[in-house]
Amino acid sequence: IANTAARIWYPAATQDEDQPDDALRALHAEAQRLLDSWAHAAEAIASHAGALFGETLYTFSRSGTVEQVLNRLAREGHLRRVIVGESHPGNEGQALAQALAGQGIAVTLIADAAVGQYLSRANVVVIGADSVRSDGSVVNKIGSWPLALMAREQHIPCYALCETLKIAAPSFALTFEEMDVRELLPQPVAGVTVHNPYFEAIPARLLNGVITEAGVLDGAAIARYAQHAETALQALIA
């Protein structure tokens, strides 16, 4: 949201203050450009991802972008089966499995703890991204970090899929929210402290790349996008 607001505002911030109509037109034009880009991002990401993925894919949690890409790859005949971790807590993987199956994709749903048994059946691991940091690390649902570690252990490539708009400015604060502890322990138990974080940062070294509408980005490219985001963010808060 911060990136979107900053990107929309930035063209207007560079306009002459004495020309408010020009600034308004710049705001509208940039908002429309971002909207159009977002609408076609999944298609572009799929075009870059198709050659990197095999017929069986492992995924986790439920990213709208990932779901759109997988549906497109399946329609094009590039994808035959998807293995989905249940993604506890929250269990978004269950909803994803149902949605993909409804599109005619063969789906295997497993408990997160069963990843060691099933991961070797996949050609690639794919996760979404709530945010991409300037160092190339990716913020995603809790459980993504151990999944990426397991993929590296089994020599299976692991990619994050997202729009470049998810690449955050370096100064933008990163916080990991915690959810209702009753998801893990319905009733309090004396002496037991419960933490229920929903997100974590996966180190860049565990990822083979971040696939965006602009292509597969390496660390240097991510840093450049992050600096552009920083410039726009500073203009917004100035």
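The structure contained in this document is the topic of the report that follows. Note that the structure is predicted; figures quoted are calculated from it, not measured. (Residues numbered from 1 in each chain as written. Predicted model: local features only at pLDDT ≥ 70, side-chain atom pairs only at ≥ 80, totals over all residues. Heavy atoms only, no water.)

1. Digging into the sheet that holds strand β1 (residues 56-60)
Part 1 of the reasoning: The sheet built from 7 strands is open, its strands ordered β3-β2-β1-β4-β7-β9-β10 with mixed pairing. Two strands lie at the open edges of the sheet, namely β3 (106-110) and β10 (215-217), each paired on one side alone. Taking the axes of each pair of neighbouring strands and ignoring which way they run, one obtains an average angle of 30 degrees across the sheet.
Part 2 of the reasoning: Summarising the sheet, strand β7 (residues 158-161) and strand β9 (residues 209-212) pair through 3 bridges and their orientation is parallel. Note on β9: the bridge partner recorded for alanine 160 is valine 210.
Part 3 of the reasoning: Contacts from helix α3 (residues 64-75) reach β1, β2 (81-85), β4 (124-127) and β7, with the element oriented near 165 degrees to β1. (Pairing = 2+ DSSP bridges. Helix = DSSP H or I, 4+ residues; strand = E, 2+ residues; numbered from the N terminus. Axes fitted to C-alpha atoms, helices over the stretch in contact; angles between N-to-C directions. Contact = heavy atoms within 4.5 Å.)

2. Some remarks on a nonpolar patch on the surface
Part 1 of the reasoning: Together, Trp9, Leu236 and Ile237 make up an exposed nonpolar region whose accessible area comes to about 280 Å².
Part 2 of the reasoning: On the accessibility criterion, leucine 236 (33% relative accessible area) is partly exposed. (Patch = residues over 30% accessible without salt bridge, like charges linked within 9 Å, V, L, I, M, F, W, Y side chains within 5 Å. Areas by Shrake-Rupley, 256 points an atom, 1.4 Å probe, with all protein chains shown as cover. Salt bridge = Lys/Arg side-chain N within 4 Å of Asp/Glu carboxyl O. Buried < 20%, exposed > 50% of the residue type's maximum accessible area, 1.4 Å probe, protein only.)

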